[in-house]
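# A look at the structure
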Amino acid sequence: MSSPETELRRLARSLLEKKAVDLVIGYEKSEAGVRPCFISEPNEAERLVWNPDCRLSLVRYLRGFKEKRVGIIVKGCDGRAIVELIKENQLDRRSTFIIAVECNGVYKPVKYGSSKLGRQIAEYCEKCEVRISPIRDHLIKSDVKALERPSPKNDGEPLDWLSLFRKCLRCMACVRSCPFCYCTECSIEGFKPALVHKLVDPVELFTFHLTRALHMAGRCVECGACESSCPVEIPLTRLYHELNEWFREKYGYVPGVNLEQAPPPLVFKEGEKP
Amino acid sequence: MKMFSIREENLKVFLRELSLKHVLIAPFKRDGYFEFDVLRNPDDFNVNYTNTRLSPKRFFMPQRQLVFKHYPRKGFTEELKENSSVVLFGIRPCDASALSVLDNVLLNPPHKDALYENRRKNAIVVSLSCTKPMTECFCNVFETGPIRGTGEDLTFTHTSKGFVVEARTQKGIAVIGEFGELFREADGEMLNEYNKLIREVLDEMGSRLKVDKTRLIGIEKEAGEEFFQLNAQRCIECSLCSFACPLCYCFETEDYWEKDSYVRFRGWDTCISPLFTKMASGLDPRVTKADRLCHRFCHKLSRIPLTFNAYGCVGCGRCVSLCPAGIDIREVLRKWG
Amino acid sequence: MVVWKPKIIAFTCWCSSSGVDQAGFEGFKYPANVLTVRVPCSAIVNPSLVVKALQEGADAVLLTACKPVELRKIAPSRITEARVSLLRRLLNTVGVEEDRVRILWISSNEGGIFASEVSRIVEEVEKLGPLNLRGKMIEQP
């Protein structure tokens, strides 16, 4: 059996040759690891790679190619993001060819000045239950056994969120890398009226992060794009997970798993008591 | 300049003495990575640290700082506080060189930056040489390291028999004079090892990236080139690269009304942001992401050298490692250098 | 010594704000630390504004809304209730006492109930102590 990487390349090449898609969004090798790439020529398909370093969600790039037919490589969480985006009318299912790759978890990035060495599976991947995208046109199975997942640490140990927020630089990397932050003007970046000033007063970081968390509640698919791109490693996924739990307890709603189930804030059932 | 040496066990004593007289800022480990902060306990300092996640520029240009207050009846008050003397210990040569470039840019008359000057003049910069450069680093290209930078007052180099200390400025010599009993003149054996170390590290780095930096000047003529288009597709327009860069000095001001006065703050801004060049009329001279990305690279590698006679990049590799989309300045260097 | 008094922002909806007026007309006494902001409906209060109020120095935020049973349409109260519940969960997670955001069901003729409930809430917030978010966020270790 061929490795997922060769299968991926073969598929991308045939899609581009048949002109089924204009463009394939995938990952390619770079000097520092892996980065997104946009392939429009069949010959270039050889550049595609697939490994546990492919952590940035590619779904956020889809909004840049609304006019084109795009093939996109998705992990389980990214597939969930696509489902949510379709529900929010942000994506045309017909013009997107979804190549689902079975994901066994991604590695935490080893960033500049990190004192820890060695690869470690990301925290959010330990909790993940959806390893294959729920929506797909083609499935590529993984040939390796799942990365060793350490048993999830007890969620009980609370984090000191205020001191974590204090470290924030407000670089907006969390917003920009998120598949769901498709607003053309971000409410926490807007000028007038400014909820959070551009030159942020440290105390405004509280509003910044809480507002973002409220906007992500019930939508976040815990792909970890925000967390892995954060320069000061604020575990944002854990915060959003907490709010998703609230949605699950109250409405039994898990974002991105079922295309038919409408997001609870959008539905009103007659006779429903608050 | 003169070479001194200090024994390893004396370093802690030196740090303790320094922290009594000055505000001592040094890197230590916090939450899994190294960060500059006020060092209270000299034992926290680790000689074998790699580099700090964020650059030390925030001690000279904070992310948000007060420029002035205006009271409706009293008039303007400039809140230029005289800062206490700060020692930045253990900064890497690349970051120290970044400070010297910033000095070139911000302290050149007639456009002196008073806020920066106020913080800079009270600071003593002590660097610690990189003997094991990280994989992202390319400071050899701009000659800003790995052993000696350009902006430091003292350079410490770790050898097997202690630290070789090079005093680079009068300020540095004064510090050595202050703690004379801890330092000795470096002996020949140590200097031999030091010279050998310089050669070894430079050889190791030189094999990674060989670039003729003078050829970079004028690359803005290539603007609109396919390369930037390709990378722009990838760029997610976060401002991480500029915020982590030890050299990005663009700022923005914002005025607002506090309890009894108008205040003006100033803080970091970034040319990657689409709002950076957007004017009130709605005109935007740099509309596309490719334009902005090209501007960022060309400014660093071509326009700063033309104007200020120093390169706008010191090769610390922060942007390379932190960029979520994997945009790599080394590719620009390879392509045009 | 300055005695600390809690500062409470109350977003009162059209109907319950007339309940607040009622409390005034009928001469009920309630603590003066409650500042009311009249809004058309409790369901338009963006939770970000509640967070912003806490950030700007409020010790607690109160939303007064119409009783769901009295409404012809049930949706607005349901939305407010869900939002406040979500926000309380979020505040709890980040380490701010969740009782600092509350919801109060007040009809337009319940001035007395408003006065007594508010006095009780002020007492409870006094027990929680000042929020002092600015101090917590800016304080350096």
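Residues numbered from 1 in each chain as written. Chains lettered and ligands numbered in written order. Predicted model: local features only at pLDDT ≥ 70, side-chain atom pairs only at ≥ 80, totals over all residues. Heavy atoms only, no water.

## Notes on the overall build of chain C
Across its full length, chain C holds five helices and four strands. Counting from the amino terminus, helix and strand elements in chain C follow one another as β-α-β-α-β-α-β-α-α. For 141 residues, the compact-globule formula gives about 14 Å, and the C-alpha radius of gyration of chain C, at 15 Å, lands near that figure. Taken along its principal axes, the extent of the C-alpha atoms in chain C is 55 × 35 × 20 Å. Among the 141 residues that make up chain C, the fraction classed as buried is 48%. When the accessible surface of chain C is split by element, carbon and sulfur atoms take 56% of a total near 6,900 Å². In chain C, 18 side chains carry a positive charge and 15 a negative one; their mean positions are 5 Å apart. (Helix = DSSP H or I, 4+ residues; strand = E, 2+ residues; numbered from the N terminus. Rg over C-alpha atoms; globule rule 2.2 N^0.38 Å. Buried < 20%, exposed > 50% of the residue type's maximum accessible area, 1.4 Å probe, protein only. Areas by Shrake-Rupley, 256 points an atom, 1.4 Å probe, with all protein chains shown as cover. Lys, Arg positive; Asp, Glu negative; His and termini not counted. Charge placed at Lys NZ, Arg CZ, Asp CG, Glu CD.)

## Topic: the overall build of chain B
Along the backbone of chain B there are ten helices and twelve strands. Over its C-alpha trace chain B gives a radius of gyration of 21 Å, about what one expects of a compact globule, namely 20 Å for 337 residues. With the principal axes as the frame, chain B shows a C-alpha extent of 65 × 60 × 40 Å. A buried classification covers 59% of the 337 residues belonging to chain B. Within chain B, residue pairs in contact and separated by at least 24 positions form 73% of the contacts whose partners lie at least 6 positions apart. (Contact = heavy atoms within 4.5 Å.)

## Describing the pattern of salt bridges
One pass over the full model with this rule turns up 55 salt bridges over all chains. We note a salt bridge from K198(A) to E252(B), for which the minimum N-O separation is 3.4 Å. Highlighted residues: K198(A) in the loop between α5 (173-177) and α6 (204-216) and E252(B) in strand β11 (residues 251-257), drawn from two different chains. For K198(A), a relative accessible area of 14% translates into the label buried. The partner of R88(C) in a salt bridge is D99(C), and the shortest N-O contact between them spans 3.1 Å. You can see R88(C) sitting in helix α3 (residues 75-94) and its partner D99(C) sitting in the loop between α3 and β4 (101-105), a full eleven residues away along the chain. For D99(C), a relative accessible area of 30% gives the class partly exposed. (Salt bridge = Lys/Arg side-chain N within 4 Å of Asp/Glu carboxyl O.)

## Remarks on the interface of chain A and chain B
Accessible area lost during the coming together of the parts is what is often quoted as the interface size. If you look at the interface, chain A gives 38 residues, while chain B gives 48 residues. For the pair chain A and chain B, the summed buried surface comes to about 3,700 Å²; carbon and sulfur atoms form 53% of the total. Seen at the junction of chain A and chain B, the total is eight salt bridges. A salt bridge links E28(A) to R234(B), with the shortest nitrogen-to-oxygen separation between them at 3.0 Å. Applying the counting rule to chain A against chain B returns 22 residue pairs in polar contact (both at pLDDT 80 or more). (Buried area = accessible area lost by both parts, 1.4 Å probe. Polar contact = N/O pair within 3.5 Å; in protein donor to acceptor, adjacent residues only side chain to side chain.)

## Description of the confidence of the model for chain B
Detailed reading of the predicted coordinates is not advisable wherever pLDDT is low. Looking at chain B, pLDDT values average 87 and 98% of them are 70 or higher. For chain B, the element scoring lowest by mean pLDDT is strand β5 (residues 75-78) of chain B, at 75; helix α2 (residues 93-106) of chain B scores highest, at 92. (pLDDT = per-residue confidence, 0-100.)

## Brief notes about the interface of chain C and chain A
Residue-level contacts link 29 residues of chain C with 34 residues of chain A. Across the chain C/chain A interface, buried area totals approximately 3,100 Å², and carbon plus sulfur atoms make up 68% of it. For chain C, the biggest contributors to the area lost against chain A are R78(C), R89(C) and M137(C); these three give 26% of the whole. Inspection of the chain C/chain A interface yields five salt bridges. A salt bridge links K250(A) to E81(C); the nearest nitrogen and oxygen atoms lie 3.6 Å apart.

## Things to note about the nonpolar core
Ranked by size, the top nonpolar core spans 186 residues in total, and within it I25(A), I82(A), F206(A), F14(B), F89(B), F156(B) and F183(B) carry the most contacts. It is α2(B) that provides the largest number of residues to this core, a total of eight residues. Residues from two domains meet in this core; each of domain 1 (3-57 + 79-206) and domain 2 (213-262 + 269-336) of chain B gives at least three. Filtering out sequence-adjacent residues up to four positions away, I82(A) remains in contact with V59(A), L62(A), I72(A), V74(A), L91(A), I98(A) and I135(A). (Core = buried A, V, L, I, M, F, W, Y, C linked by side-chain atoms within 4.5 Å. Domains from an automatic or database assignment.)

## Focus: the sheet that holds β4(C)
Residues and elements named next belong to chain C. If you walk across this open sheet you meet the four strands as β2-β1-β3-β4, and the pairing is parallel. On the outer flanks of this sheet lie β2 (34-39) and β4, each paired with one strand and no other. Strand-to-strand twist across the sheet, computed as the mean angle between neighbouring axes with direction ignored, equals 25 degrees. Pairing of strand β1 (residues 8-13) with β2 involves six bridges; the strand directions are parallel. Across the sheet, C13 pairs through a bridge with V39, a residue of β2. In this fold helix α1 (residues 14-25) packs onto β1, β2 and β3 (60-65), with an angle of close to 120 degrees to the strand it touches most, β1. The sheet contacts of α3 involve β3 and β4, and relative to β4 the element is tilted by about 155 degrees. (Pairing = 2+ DSSP bridges. Axes fitted to C-alpha atoms, helices over the stretch in contact; angles between N-to-C directions.)

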